[in-house]
Amino acid sequence: DTGVSQNPRHKITKRGQNVTFRCDPISEHNRLYWYRQTLGQGPEFLTYFQNEAQLEKSRLLSDRFSAERPKGSFSTLEIQRTEQGDSAMYLCASSPGTSGATGELFFGEGSRLTVL
Amino acid sequence: AQTVTQSQPEMSVQEAETVTLSCTYDTSESDYYLFWYKQPPSRQMILVIRQEAYKQQNATENRFSVNFQKAAKSFSLKISDSQLGDAAMYFCAYSYWGGSEKLVFGKGTKLTVNP
């Protein structure tokens with residue numbers, strides 16, 4: 001059973017560097033979501049895709065953040081010119097979409113970013 | 001905007017006992033889902049239980065049940081016969097029916113189960 005897969009699991013970088021995270025959703029899931037979770041907080045929505053189309057972006061997603069899902073399968077989240085405030089767990093989730101909508105999202109284990 | 005509030009940052013329970021986690025939410029919508037997700041340490045978040053707002057009957061999943069009070073916008077989770085494996089962060093979440101399925105989360109409740 002292949003669930004949602006995220007890579008890398010941990011990333012330590014210096015301030016000002018660029019980082020990229022990858023998410024492989026459950027196959028045939030049309031919808032893919034990115035969330036950010038900081039210590040002691042619940043996950044906060046960043047953006048979501050329906051197939052390859054990015055349909056919604058949070059105001060949390062500054063212009064240093066960009067997400068893509070080029071072929072409607074895997075997705076990448078890039079953070080440019082990282083800042084210490086970007087340190088967080090970045091969670092990816094997927095769902096079947098309208099054809100099998102139950103409201104449930106299936107989450108990956110997350111990618112933890114530490115910016116020094 | 002929808003908001004979800006969990007007023008208990010931490011809770012503890014003795015093994016085999018029952019514990020209730022609280023959640024309130026705010027929305028102007030009439031059709032929506034409510035969820036409880038469990039996040040064990042260093043593991044992925046998994047769904048514990050789901051409630052459709054149009055259903056009056058409270059959802060149950062084995063040892064987990066909810067008390068859904070739509071008028072009061074309250075959605076509590078009851079865990080019966082608590083087990084050591086229930087120790088985790090529990091997040092209450094909301095999503096709008098027919099929308100993007102985007103979840104709005106509360107800040108979570110850390111549940112400790114004492115042997």
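Q: Explanation requested: the overall build of chain A in the structure shown.
A: Looking only at helices and strands, one finds 0 helices and 11 strands in chain A. Along its sequence from the N terminus, chain A presents helices and strands in the succession β-β-β-β-β-β-β-β-β-β-β. Since a compact globule built from 116 residues should have a radius of gyration of about 13 Å, the 14 Å found for chain A is in line with a globular shape. Per-residue burial for chain A yields a buried fraction of 48% across its 116 residues. The long-range share in chain A, meaning contacts at least 24 apart out of those at least 6 apart in sequence, stands at 54%.

Q: Explain the sheet that holds strand 8 (residues 75–79) of chain A here, please?
A: Pairing between the strands of a sheet is mediated by backbone hydrogen bonds and can be parallel or antiparallel. Residues and elements named next belong to chain A. If you walk across this open sheet you meet the 4 strands as 1-3-8-7, and the pairing is antiparallel. Looking along the sheet, the strands with just one partner apiece sit at the ends: strand 1 (5–7) and strand 7 (65–68). Pairwise comparison of adjacent strand axes, ignoring direction, gives a mean angle of 15° for this sheet. Relative to strand 8, strand 7 is paired through 4 bridges, and the arrangement is antiparallel.

Q: Quick question: what am I supposed to make of the pattern of salt bridges here?
A: If charged atoms from side chains of opposite charge come close, those side chains can pair. Residue and element names in this part refer to chain B. The tally for this structure, following the rule as stated, stands at 9 salt bridges over all chains. A salt bridge links Asp26 to Lys73; the nearest nitrogen and oxygen atoms lie 3.4 Å apart. In this pair, Asp26 sits in strand 4 (residues 24–26) while Lys73 sits in the loop between strand 8 (64–69) and strand 9 (74–79), placing the two residues 47 residues apart along the sequence. Residue Lys73 is classed as partly exposed on the basis of its relative accessible area of 26%.

Q: Sorry if this is basic, but what is going on with the confidence of the model for chain A here?
A: Caution applies to low-pLDDT regions: their predicted coordinates should not be interpreted in detail. Per-residue pLDDT for chain A averages 92, and the proportion of residues at 70 or more is 96%. Looking at the elements of chain A, mean pLDDT is at its lowest for strand 6 (residues 53–57) of chain A, recorded as 92, and at its highest for strand 3 (residues 19–24) of chain A, recorded as 98.

Cut-offs applied
- Residues numbered from 1 in each chain as written.
- Chains lettered and ligands numbered in written order.
- Predicted model: local features only at pLDDT ≥ 70, side-chain atom pairs only at ≥ 80, totals over all residues.
- Heavy atoms only, no water.
- Helix = DSSP H or I, 4+ residues; strand = E, 2+ residues; numbered from the N terminus.
- Rg over C-alpha atoms; globule rule 2.2 N^0.38 Å.
- Buried < 20%, exposed > 50% of the residue type's maximum accessible area, 1.4 Å probe, protein only.
- Contact = heavy atoms within 4.5 Å.
- Pairing = 2+ DSSP bridges.
- Axes fitted to C-alpha atoms, helices over the stretch in contact; angles between N-to-C directions.
- Salt bridge = Lys/Arg side-chain N within 4 Å of Asp/Glu carboxyl O.
- pLDDT = per-residue confidence, 0-100.

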